[in-house]
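Here is what each chain is made of, one letter per residue.
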Amino acid sequence: MRKKLILIQFSRALVPLLVMLFHVSESMDSYWNYTLLHLTLLPFSGGINYFFALSGFMLYYIYHNKFSQPNELKDYLINRFIRIYPLYWLLTLVAILMMIVFPSLGKITYHSVIASFLLIPDPSELVPVLDVAWSLVHTIYFYLLFSIFFFFKRDISKIFLLIFAFISLAFVTGITWSEHFLINFMFNEYNLIFLAGIWSAYFILNYRMNIKWSVFFVAFGLIGFPLTWLNYVYKVIPLNFDIGTGLSSILIILGLASIDMQKSIKIPKLLNYLGNASFSIYLSHNLVLNTFSSLFNSLNVYEVLGGALTSIIFMVLATSVGCFIHSFIEQPIISILKRKRGFSKI
């Protein structure tokens, strides 16, 4: 029986927190020209890269005992489907309704709706109806890529993924290139972060790291995010933003998982809950931000509260709504679907 990784579980909350921080900054700048930590100068916060790395880590950690067993593939894919699509579809419908009622929120096309619902790469590169879903398109691709472990022996799968990593690296570094959008999608920089997450799980399962080094990795990884932000703005060293935040993510995961494997960790129930609710918070937070930004603007609330307090209120509101969705929508849906399939909670 695999050990429950308490710190890793809680760290899932980093994803919506970092992404939300960036989107709050965008909203504040767009509506009121308020620069929250100057985050609008960045391409994004890097929270998505932690999500990609953690996805690779968790997939390998959860399923490593089921590799080379093709009969396990069906349950794996259905579990992944249940975890992503039902809640995502529901919130996408909400987003479509909001865009119909408030056309200023975005333009809806038949093509964008189909691509959004299926979570497939879109050659027109339009933003999905639920804008944060661009990352889920990559996540679904990673889930399918990971399926190779169920078909072949581990050594063959590892060789395939190593070759895949080198090809992706060649595209990222510009050694090779393609004008076809699908080829560029298949071999992008996010692959390297996902594969690094897989390697992290392999390392944690096979080697023990000194606790002092584990703490150092976590601390350095956490510091790595703001350092990467500053470096992107001031161009101190020629470091790719995704590489910087991706490496920071791997250091955090390695450190936290190593501590989890060696210590019995207890954290407050609220923090554990936030980790569980992270997906709901991530999917819903921009809907909340768009709604309340428009409301605050029409009611002149910002002029009363100011930028800092408004930003905090937006963070609290988005987190609260996400937690509500997790408790009263996401959890019941997953429980019902998995009970019908006879699955354990994964």
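Note that this is a predicted model, so its numbers are computed, not measured. (Residues numbered from 1 in each chain as written. Predicted model: local features only at pLDDT ≥ 70, side-chain atom pairs only at ≥ 80, totals over all residues. Heavy atoms only, no water.)

A. How the structure looks around the overall build of the protein chain. Helix and strand content of the protein chain: 16 helices and zero strands. The C-alpha radius of gyration of the protein chain comes to 20 Å, within 12% of the 20 Å expected for a compact globule of 346 residues. Seen along its three principal axes, the alpha-carbon backbone of the protein chain occupies a region of about 60 × 50 × 45 Å. Sorting the 346 residues of the protein chain into buried and exposed places 49% on the buried side. By sequence separation, contacts in the protein chain at least 24 residues apart represent 78% of the contacts at least 6 residues apart. Split by element, the accessible area of the protein chain, about 17700 Å² in all, is 69% carbon and sulfur. Placing the 23 positive and 14 negative side-chain charges of the protein chain at their respective mean positions leaves the two points 18 Å apart. (Helix = DSSP H or I, 4+ residues; strand = E, 2+ residues; numbered from the N terminus. Rg over C-alpha atoms; globule rule 2.2 N^0.38 Å. Buried < 20%, exposed > 50% of the residue type's maximum accessible area, 1.4 Å probe, protein only. Contact = heavy atoms within 4.5 Å. Areas by Shrake-Rupley, 256 points an atom, 1.4 Å probe, with all protein chains shown as cover. Lys, Arg positive; Asp, Glu negative; His and termini not counted. Charge placed at Lys NZ, Arg CZ, Asp CG, Glu CD.)

B. The arrangement of the packing of aromatic side chains in detail. By the definition in use, this model includes 42 aromatic pairs. For the ring pair Trp32 and Phe314, a centre distance of 6.2 Å and an interplane angle of 40° mean the geometry is tilted. With a gap of 282 residues between them, Trp32 in helix α2 (residues 14-32) and Phe314 in helix α16 (residues 307-341) connect regions that are remote in the sequence. You'll find Trp32 and Phe314 in the same group, each marked buried. When the centroid spacing of 5.9 Å and the interplanar angle of 70° are considered together, the rings of Tyr63 and Phe150 count as edge-to-face. Here Tyr63, found in helix α3 (residues 47-63), pairs with Phe150, found in helix α7 (residues 148-151); they are 87 residues apart in sequence, far enough to count as distant. For the residue pair Tyr63 and Phe150, the accessibility class agrees, reading buried in each case. Every member of this aromatic cluster is reached through a ring pair, and the members are Phe51, Phe52, Trp134, Tyr141, Phe142, Phe185, Tyr190, Phe194 and Tyr282. Note that Arg80 overlies the ring of Tyr143, its terminal NZ or CZ placed 5.6 Å from the centroid. It is Lys235 that lies over the ring of Tyr232; its NZ or CZ is 4.7 Å from the centre. (Phe/Tyr/Trp six-rings, centres within 6.5 Å; stacked < 30°, edge-to-face > 60°. Lys NZ or Arg CZ within 6 Å of the ring centre and 35° of its normal.)

C. Seen up close, helix α5 (residues 110-118). Looking at α5, one finds that the buried residues are Ser112, Val113, Ala115, Ser116 and Phe117. At its buried positions, α5 is contacted by α4 (73-101). Phi turns positive one or two residues past the end of α5, at Leu119, with a value near 55°.

D. Molecular detail of the side chain of Ser280. Tracing the backbone through its elements, the reader meets Ser280 in helix α14 (residues 278-298). Beyond its immediate chain neighbours, meaning those up to four positions away, Ser280 contacts Leu87, Gly322, Ile325, His326 and Glu330.

E. Layout of the confidence of the model for the protein chain. Taken residue by residue, the protein chain gives an average pLDDT of 92. The fraction at 70 or more is 97%. Across the protein chain, the element-wise mean pLDDT spans from 84 in α5 up to 97 in α3. (pLDDT = per-residue confidence, 0-100.)

F. Up close: a nonpolar patch on the surface. Among the surface-exposed residues, Leu41, Ile223, Leu227, Leu230, Tyr232, Val233, Tyr234, Val236, Ile237, Leu239 and Ile243 lie close enough to one another that they form a single nonpolar patch of about 1000 Å² accessible area. If you tally residues by element for the nonpolar patch, the top one is helix α11 (residues 211-234), at six residues. (Patch = residues over 30% accessible without salt bridge, like charges linked within 9 Å, V, L, I, M, F, W, Y side chains within 5 Å. Salt bridge = Lys/Arg side-chain N within 4 Å of Asp/Glu carboxyl O.)

G. Molecular detail of the environment of Tyr76. For Tyr76, the location among the structural elements is in helix α4. Separated by ten residues in sequence, Tyr76 and Lys66 place their C-alpha atoms 9.6 Å apart. Sequence-distant contacts of Tyr76, defined by excluding residues within four places in its chain, comprise Leu59, Tyr63, Tyr143, Phe146, Ser147 and Phe150.

H. The pattern of salt bridges, seen in detail. In this structure the tally under the stated criterion is two salt bridges. The salt bridge involving Glu72 is made with Lys66; its shortest N-O contact spans 4.0 Å. A salt bridge links Glu330 to Arg83; the shortest N-O distance between them is 2.6 Å. Note that Glu330 is positioned in helix α16 and Arg83 in helix α4, a separation of 247 residues in sequence.

I. Region of interest: unusual backbone geometry. Unusually for a residue other than glycine, Ser68 sits at a positive phi of about 60°. The residue Ser68 is located in the loop between α3 and α4 in this model. Judged by its relative accessible area of 33%, Ser68 falls in the partly exposed class. Of note in the backbone geometry, Asn300 takes a positive phi value of approximately 60° without being a glycine.

J. Main features of α14. Along its 21 residues, α14 runs 30 Å from first to last C-alpha, staying within 8% of the 30 Å computed at 1.5 Å per residue. The principal kink in α14, of about 40°, is found at Ser284. At the exit of α14 stands Asn300, carrying a positive phi of roughly 60°. (Expected span 1.5 Å × (residues − 1). Bend = angle between axes of the 7 residues up to and from the residue.)

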